[in-house]
Amino acid sequence: MSDTKYALVLNSGSSSIKFQVLDPAADSTEPPFVSGIVEKIGEPKGHIKIQTETSKMEDTRPLLSHSVGLERAFGMMSLLGVGPQDLDLVAVGHRVVHGGPTFSGPVVIDDKVVEDIRDLIPLAPLHNPAHIDGIENARALLPGVPHVAVFDTSFFSTLPDKAAFYALDKDVATEHNIRRYGFHGTSHEYISAQVPGLLGKEPEDVNQITLHLGNGASAAAVRGGVAVDTSMGLTPLAGLVMGTRCGDIDPSIIFHLKRSAGMGVDDIDNLLNRKSGLKGLSGVNDFRELKEMIDNGDENAKLAYDVYIYQLRRFVGSYMLNLGRLDAISFTAGVGENAAQVRADAMAGLENFGIVMDAERNANRDVDGPFEISASDSAVKVFVVPTNEELAIARYAVKLAEQE
Ligand code: ADP
């Protein structure tokens, strides 16, 4: 093996485990050294896929549990000569969705950290149990390597009270840890950290908006490198219209559905998280399919698109106003990086606010790294900045492991 020091990044969900082995010092456009997925856990046929630049391996034997899946995946990696034991693994980074009020930055995992993540389960009942499973299994399989938890929420622990508080009974909110936490923080931090360099300015001099538009979507306002507002809230359901999530709605809709439609809480939860957003309005959640439907004259698809763009502009507008002076807006993630039409429509007609797009630059598809899509004379610069959450997690994991 080479001298490269690798980090393993694990994203353990309720029905799948995704992972990558990366060189944290690598350029963000380099593919990971190894990537893999363990899915269909508990189903008659499991699925594990491991991929390196030169090889690929799949396994469809049943997977009784997450731990069986992870152990088998590590075994398959060894067969390909890239097992965790074969590599000089410096750290294992774990993506954790909810750090609640407890974690304002990444931490090296010990038993106390696992318990603290467990205590936050009420705030993230679907995500945190799966993360704990992943952390415990990985710690058992790789006991000699520091494990680091990187939280989706921690970049937003700096939100000022006026942005973080909901106008609810303060005692009830405090008792139940209800506040705006924000999510996709690793991505917003990673993107926003690159923008000052693109502008040739110091981070403390830059006011910016970052738009993470993937299946989940969120907006953030960042002043001088510090997050000051974001669209997601107590959970990742709030804010922008997403693939299957509704984003901001009148909370009374929930009572109305219960009282008038006789729906239970779980049904409503399912409706708002999985059957709403673009999918709810049009039947599809994938932007490429949505575009095809619009091109074929589907009115529901057009409505879904219009609602999506309108809601996005609402957030951009409010952040522009609250930031006072805006230097840059960046688009990232699957939709933000690839859907030029979304970027054009989100930024259309904003010349009076100093935002002038360049249609040719915006249509450019041949760039790997960040690129500008605004006109040279635009007072506010608009960029596409590809995100790489795994790389960001790997870098944190190695940084903290080396401080151990
Ligand atoms: P997540 O990580 O939240 O699952 P991604 O960041 O991978 O999501 O983004 C997924 C979304 O990106 C999907 O809605 C998909 O349609 C959209 N997407 C991916 N490629 C393109 C493309 N070339 N044009 C338009 N949308 C795209």
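Residues numbered from 1 in each chain as written. Predicted model: local features only at pLDDT ≥ 70, side-chain atom pairs only at ≥ 80, totals over all residues. Heavy atoms only, no water.

With an unreviewed UniProt entry as reference, the protein is termed Acetate kinase, source organism Corynebacterium heidelbergense. Recorded under Subcellular location (unreviewed entry), the UniProt text for the protein is reproduced unchanged: "Cytoplasm". UniProt lists a comment for the protein under the heading Pathway (unreviewed entry), and it reads "Metabolic intermediate biosynthesis; acetyl-CoA biosynthesis; acetyl-CoA from acetate: step 1/2." (UniProt positions renumbered as here; feature names shortened; annotations may be inferred.)

Spatially, the eight strands line up as an open sheet ordered 5-4-3-2-1-6-8-7, and their pairing is mixed. Of all strands in the sheet, those bounded by a partner on one side alone are strand 5 (56-59) and strand 7 (107-108). (Pairing = 2+ DSSP bridges. Helix = DSSP H or I, 4+ residues; strand = E, 2+ residues; numbered from the N terminus.)

Attention now goes to the packing of aromatic side chains. For the structure on display, the rule yields six aromatic pairs. For the pair Phe315 and Tyr319, a centre-to-centre distance of 6.0 Å together with 70 degrees between the ring planes defines the contact as edge-to-face. In this pair, Phe315 and Tyr319 are both assigned in helix 11 (residues 299-323), four residues apart and thus about one turn of the helix distant. Each member of the pair, Phe315 as well as Tyr319, is classed as buried. Among the aromatic residues, those joined into a ring-pair cluster are Phe287, Tyr305 and Tyr308. (Phe/Tyr/Trp six-rings, centres within 6.5 Å; stacked < 30°, edge-to-face > 60°. Buried < 20%, exposed > 50% of the residue type's maximum accessible area, 1.4 Å probe, protein only.)

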